[in-house]
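# Structural description and commentary
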Amino acid sequence: MKRLILDFYRNHLPDGVKNAVPPVLKVGMLGGLYGLTRYPDLRMWQMKLLHDRARGFGRAPSHDDPMFHCRMTAASTVSGIDAGQVGGRFAVTFGFHGLKIHGTCDAHLVAKPADKPEWVDILVDGQVLRRENLGNLNGGLGFYYTIRRPALELFPSRCVIEVRDSLGRTFDTRAPSQSARSKVTALDLSIPFGSGELSRHLAATGPLDKKGWPRPSSVELARRQAGMLALYARVRRVFERSLDRPLFLLYGTLLGQHRSGDFIPGDDDFDVGYVSRLQTPAEIKAEAIHIMQALVAEGLIVVLNTQGRPFRVRDAESGVGIHLDCHIVFTTGDGHVWCHPQAHLPLALAGFESVEHSEMRGAPVLKPVDSEGFLRTHYGPGWRTPDPNYATSHTSDMGGVTRGLRALCLTRRDQRRLERQIVQKGLPGAFIPRALEPLYPLDRYIERVGFFG
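Residues numbered from 1 in each chain as written. Predicted model: local features only at pLDDT ≥ 70, side-chain atom pairs only at ≥ 80, totals over all residues. Heavy atoms only, no water.

## Describing the packing of helix H8 (residues 251-260) against helix H11 (residues 371-379)
Interaxial distance between H8 and H11 falls to 10 Å at its minimum, and their mutual angle equals 120 degrees. Between H8 and H11, the crossing angle belongs to the class labelled oblique. Judged by the twist between their axes, the crossing of H8 over H11 is left-handed. Note on element contacts: H11 touches H8 through Ser-371, Glu-372, Phe-374, Leu-375, His-378 and Tyr-379, opposite Tyr-251, Gly-252, Leu-254, Leu-255 and His-258. Taken together, the residues of the contact of H8 with H11 break down into six nonpolar, four polar and one charged. (Axes fitted to C-alpha atoms, helices over the stretch in contact; angles between N-to-C directions. Helix = DSSP H or I, 4+ residues; strand = E, 2+ residues; numbered from the N terminus. Parallel < 35°, antiparallel > 145°, perpendicular 65-115°, else oblique. Left-handed = near helix turned anticlockwise from the far one by under 90°. Contact = heavy atoms within 4.5 Å. Nonpolar A, V, L, I, M, F, W, Y, C, P; charged D, E, K, R; others polar.)

Right, here's the structure in full:
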């Protein structure tokens with residue numbers, strides 16, 4: 001329901017209706033929608049409207065944000081383009097976390113295997129910013145990608161963005177103030193805070209990663225990976241000493257270690273997991289809350305995403321960019337192993353209850369005894385072959401899997417209660433539920449949360 005509300009406001013409510021709403025009412029409407037959905041874009045649009053009104057009345061705006069000053073216009077409008085040269089449609093939106101770009105292929109062009117593209121290139125000033133594999137999107141073939149704020153900081157202050165598929169066909173779009181009859185094949189972006197370093201950075205490190213971040217330099221990457229290994233060692237000791245259970249590698253971290261004994265090239269994520277032997281969502285969630293309190297009692301910082309999913313952990317010394325993504329591995333007795341973000345795999349929990357010792361860059365790590373079974377089942381038969389464009393695979397019955405895993409997420413009431421308990425106990429660490437964290441002032445948000453997924 002929340003997604004439907006946001007989609008209706010963003011894509012289906014006519015601009016004429018939005019513009020006809022008095023600004024005071026629009027501010028209240030956006031605030032109400034944000035309170036209901038907690039989607040950051042709604043708060044940003046509300047704050048931008050307040051900022052623009054304050055400037056119009058000669059008052060100092062209460063909050064500013066570099067994203068308020070970004071603009072887009074049509075860069076290339078073609079009226080007589082051959083329909084066969086157009087592969088689909090794309091749309092671009094400035095949001096709180098960055099620039100969101102999504103598109104779908106024309107259905108009649110993908111009916112035949114020979115006409116079906118495999119990927120699209122997102123181009124900025126003719127350079128490949130990201131090659132994104134195409135997949136199922138709203139019942140069609142498409143893509144969804146977010147260019148994160150740290151990447152936008154590298155953009156030129158003025159640049160052109162466009163999309164082309166693997167068969168060389170361009171995508172068209174609609175720009176603000178453009179007629180529906182015009183085919184806009186590129187957008188001119190104005191990003192005042194851009195440093196102009198994008199071209200140099202792409203040449204040095206390659207395209208953006210799958211999550212929309214600029215790839216770090218080799219020196220920075222080595223620093224982050226060493227920091228995550230050190231953090232893993234600290235958190236693993238807490239799990240073993242205070243919680244009497246192992247903390248093992250999972251997902252891409254396990255994939256890299258099991259495949260080559262190292263990180264996946266360029267990977268700056270660190271995924272770990274622990275087993276819950278409980279079977280009901282209420283019990284598993286209560287156990288996760290107990291574990292989060294134990295981590296905060298050891299001086300660690302626990303962070304929940306906007307859905308309240310347990311949980312990310314970091315420490316105060318390393319900063320927001322170095323963290324572990326912790327996942328709960330469990331079964332409901334249905335012959336499958338469940339695990340966020342979307343795994344529902346025909347595996348036995350016993351393959352995770354026992355672990356084996358291994359190494360990663362000389363540091364001791366733990367991994368499930370059935371590591372290969374997990375990797376083969378989750379990533380598919382080609383799991384041994386690296387794929388730089390890989391995006392998280394989807395299992396069947398995604399609706400049921402998503403609903404089942406969502407039951408483990410902490411509600412806002414759960415989060416407020418846990419926040420109060422941690423404060424009342426005076427625990428030395430911190431608990432940061434992103435759904436409750438104020439987005440503005442922006443400096444405070446960056447210090448506590450940052451723009452790291």
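## Concerning helix H9 (residues 281-297)
With 17 residues, H9 extends 24 Å between its outermost C-alpha atoms, agreeing within 8% with the 24 Å of an ideal straight helix rising 1.5 Å per residue. Turning to H9, its buried residues number three or more, namely Ile-284, Lys-285, Glu-287, Ala-288, Ile-289, Ile-291, Met-292, Gln-293, Ala-294, Leu-295 and Val-296. Downstream of H9 by a residue or two, Gly-299 has a phi angle that is positive, lying close to 90 degrees. (Expected span 1.5 Å × (residues − 1). Buried < 20%, exposed > 50% of the residue type's maximum accessible area, 1.4 Å probe, protein only.)

## Comments concerning the layout of surface pockets
The calculated volume of the second largest pocket comes to roughly 170 Å³. Around the second largest pocket, the lining comprises 10 residues; the ones closest to its centre are Arg-149, Pro-150, Glu-153, Ile-446 and Phe-451. Those elements giving two or more residues to the lining of the second largest pocket turn out to be helix H5 (149-152) and helix H14 (442-448). Its residues assigned to classes, the lining of the second largest pocket comprises seven nonpolar, one polar and two charged. (1 Å grid on protein atoms, 1.4 Å probe; cavity = no way out; pocket = protein on both sides within 12 Å on 5 of 7 lines; lining within 4 Å. Points joined across faces, edges and corners; volume = space filled by probe spheres on them.)

## Focus on the nonpolar core
By size, the foremost hydrophobic cluster in this structure holds 61 residues, and its most contacted members are Leu-295 and Phe-311. No other element matches H9, which puts eight residues into this core. Not counting residues up to four positions away in its chain, the partners in contact with Leu-295 are Val-235, Val-238, Phe-239, Leu-300, Val-302, Phe-311 and Val-313. Formed by 54 residues, the second largest nonpolar core is a distinct cluster that contains Leu-129, Phe-143, Val-303 and Ile-432. (Core = buried A, V, L, I, M, F, W, Y, C linked by side-chain atoms within 4.5 Å.)

## So, the packing of H9 against helix H13 (residues 412-425)
Running from N to C, H9 and H13 cross one another at 35 degrees; their axes reach a closest spacing of 11 Å. Like other packed secondary-structure pairs, H9 and H13 cross with a definite hand, here right-handed. Across from Lys-285, Ile-289, Met-292, Gln-293 and Val-296 in H9, the residues of H13 making contact are Asp-414, Leu-418, Gln-421, Ile-422 and Lys-425. Here the residues of the contact of H9 with H13 are counted per class, giving five nonpolar, two polar and three charged.

## Considerations on the pairing of strand S18 (residues 355-360)
Here six bridges tie S18 to strand S19 (residues 363-368), and the two strands are oriented antiparallel to one another. If you follow Glu-359 over to S19, its bridge partner there is Pro-364. Taken together, S18 and the strand that follows it, S19, pair antiparallel across an intervening segment of two residues, in which Arg-361 is found at a positive phi of about 55 degrees. (Pairing = 2+ DSSP bridges.)

## A look at the pairing of strand S7 (residues 140-148)
Burial runs high along S7: seven of the nine residues are buried. Where strand S3 (residues 98-105) and S7 come together, seven bridges link them in antiparallel fashion. Considered in S7, the bridge of Lys-100 is made with Thr-146. The pairing of strand S6 (residues 135-137) with S7 spans three bridges and is classified as antiparallel. Within the sheet, the bridge partner assigned to Leu-137 lies in S7 and is Gly-140. In this antiparallel pair of consecutive strands, S6 and S7, the connection spans two residues, and Asn-138 shows a positive phi of 55 degrees.

## Brief notes about helix H3 (residues 23-37)
The first and last C-alpha atoms of H3 sit 21 Å apart over 15 residues, in line with the 21 Å expected at 1.5 Å per residue. For H3, the set of buried residues is Lys-26, Val-27, Leu-30, Gly-31, Leu-33, Tyr-34 and Thr-37. Seen from one end, H3 has its buried residues packed into an arc of 165 degrees, which puts them on one side. Turned more than 90 degrees away from the buried face of H3 sit Val-24 and Leu-25, all of them exposed. Phi turns positive one or two residues past the end of H3, at Arg-38, with a value near 65 degrees. (Arc of directions from axis to C-beta.)

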